[in-house]
Amino acid sequence: MSTVLRMRDVVLLPWPDHPLVLDGASDGLDVEVWEEGEPEPAQAVLDDVVLYVPAYQGGDAALEAVRRMPRLRAIQCLWAGVDGFWPFVPPGVSLHNAAGVHDASTAELALALMLARLRRLDGFARHRGEWNHGFTPALADRRVLIVGYGRIGAAIDRRLAGFEVDVVRVARTARETEGVTVHGFDDLPALLPEADVVVIICPLTAQTRGMVDAGFLGRMKDGALLVNVARGAIVDTGALVAEVGSGRLDAALDVTDPEPLPADHPL
């Protein structure tokens, strides 16, 4: 007696409601689900995976699993930056990001961090029921320097349009786009001293890792605000702690290095 093994083409997804999410896009494929926090699927399932969509906050276990998917052809990430995934991508497997998916939410967060810190909303929130009178800086009439003028940088720019600010844009390559001047990274030393708010939204690469170092921060004007909604490793944490600890600079951070911060960390 011989046994015939049926080879499947499996899409491994992180959502149990995949029929609603895919809306028919999985026709002809077998769908398996691996939710965040659940045990790893059996090797028999991993053997047939051709497309893997890791959970949005999946940890190293989700990344390591790709090494046990011999038929894997593509990985579809649910976030825009895929720098943390490169070491886990086997040869011949294509890696896709979610460019455009997080533009609005990240741009809104950047704007919220600017307003919250300039207006000292964090401080007011700690004075529960107490009258805490004082004047706080406005965002209006400030110069905002966006470092990383890709899709999200442009989305931040659009949302700043009604706030009466002067926006300066910087990207890896200088260019003119839709009547807007975008400076190159080489112009940063000259632009930093004039900025009241510096927003970091560039990808983490070999060029940008540690880019916001003591020299970068030292060029920022006294009282300027650094907003990081990109990757923690773009900023030299020790240099930032020194500047913020002295009171010379302010910071509002969505990401840090290390992440998460230890409870006793100076930040």
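Residues numbered from 1 in each chain as written. Predicted model: local features only at pLDDT ≥ 70, side-chain atom pairs only at ≥ 80, totals over all residues. Heavy atoms only, no water.

**A short note on the overall build of the protein**
In terms of helices and strands, the protein carries nine helices and twelve strands. Projected onto its principal axes, the C-alpha coordinates of the protein cover approximately 85 × 50 × 35 Å. Considering only residue pairs separated by 6 or more positions, the protein has 52% of its internal contacts joining residues 24 or more positions apart. Averaging the coordinates of the 24 positive side-chain charges in the protein and doing the same for the 38 negative ones gives two points 3 Å apart. (Helix = DSSP H or I, 4+ residues; strand = E, 2+ residues; numbered from the N terminus. Contact = heavy atoms within 4.5 Å. Lys, Arg positive; Asp, Glu negative; His and termini not counted. Charge placed at Lys NZ, Arg CZ, Asp CG, Glu CD.)

**Focus on the nonpolar core**
Leu-145, Val-198 and Ile-200 are the most contacted members of the largest nonpolar core, which has 27 residues in total. For this core, the elements supplying multiple residues, two or more each, are strand 6 (143-147), strand 7 (166-171), helix 7 (188-191), strand 10 (197-200), helix 8 (214-219) and helix 9 (237-246). Setting aside residues no more than four positions away along its own chain, Leu-145 makes contact with Val-168, Val-170, Leu-188, Leu-191, Leu-192, Ala-195, Val-197, Val-198 and Val-199. (Core = buried A, V, L, I, M, F, W, Y, C linked by side-chain atoms within 4.5 Å. Buried < 20%, exposed > 50% of the residue type's maximum accessible area, 1.4 Å probe, protein only.)

**Some remarks on the packing of aromatic side chains**
Under the counting rule described, the total for this entry stands at two aromatic pairs. Arranged with centres 6.4 Å apart and planes meeting at 15 degrees, the rings of Trp-34 and Tyr-52 form a pair that is stacked. Of this pair, Trp-34 sits in the loop between strand 2 (30-33) and helix 2 (43-46) while Tyr-52 sits in strand 3 (residues 49-52); the two residues are 18 residues apart in sequence, bridging distant segments of the chain. With respect to class, Trp-34 is no different from Tyr-52; both count as buried. Measuring from centroid to centroid gives 6.1 Å for Trp-79 and Phe-85, while their planes differ by 20 degrees, and the two rings are stacked. Like Phe-85, Trp-79 is buried. (Phe/Tyr/Trp six-rings, centres within 6.5 Å; stacked < 30°, edge-to-face > 60°.)

**A few points about the side chain of Asp-48**
Tracing the backbone shows Asp-48 in the loop between helix 2 and strand 3. Among the residues examined, Asp-48 registers a relative accessible area of 12% and is labelled buried.

**Concerning the sheet that holds strand 3**
With respect to topology, five strands assemble into an open sheet ordered 2-1-3-4-5, the strand pairing being parallel. The open sheet has two free edges, formed respectively by strand 2 and strand 5 (94-96), since each of these has just one partner strand. Looking at each pair of strands side by side, their axes are set apart by 25 degrees on average, direction ignored. (Pairing = 2+ DSSP bridges. Axes fitted to C-alpha atoms, helices over the stretch in contact; angles between N-to-C directions.)

**Comments concerning the pairing of strand 12 (residues 250-253)**
Here strand 12 shows a buried face lined by Asp-250 and Ala-252 and an unburied face lined by Ala-251 and Leu-253. Strand direction decides the pairing type here: strand 11 (residues 225-228) and strand 12, joined by four bridges, are parallel. Counted as the bridge partner of Asn-228 is Leu-253 from strand 12. Where the polypeptide runs from strand 11 across helix 9 and back to strand 12, its parallel neighbour, the crossover connection is right-handed. (Right-handed = clockwise from strand over helix to strand, strands pointing away.)

**Describing the side chain of Asp-157**
Along the chain, the position of Asp-157 falls in helix 6 (residues 151-159). In terms of polar contacts, Asp-157 uses its side chain to reach the side chain of Arg-169, at 2.6 Å. (Polar contact = N/O pair within 3.5 Å; in protein donor to acceptor, adjacent residues only side chain to side chain.)

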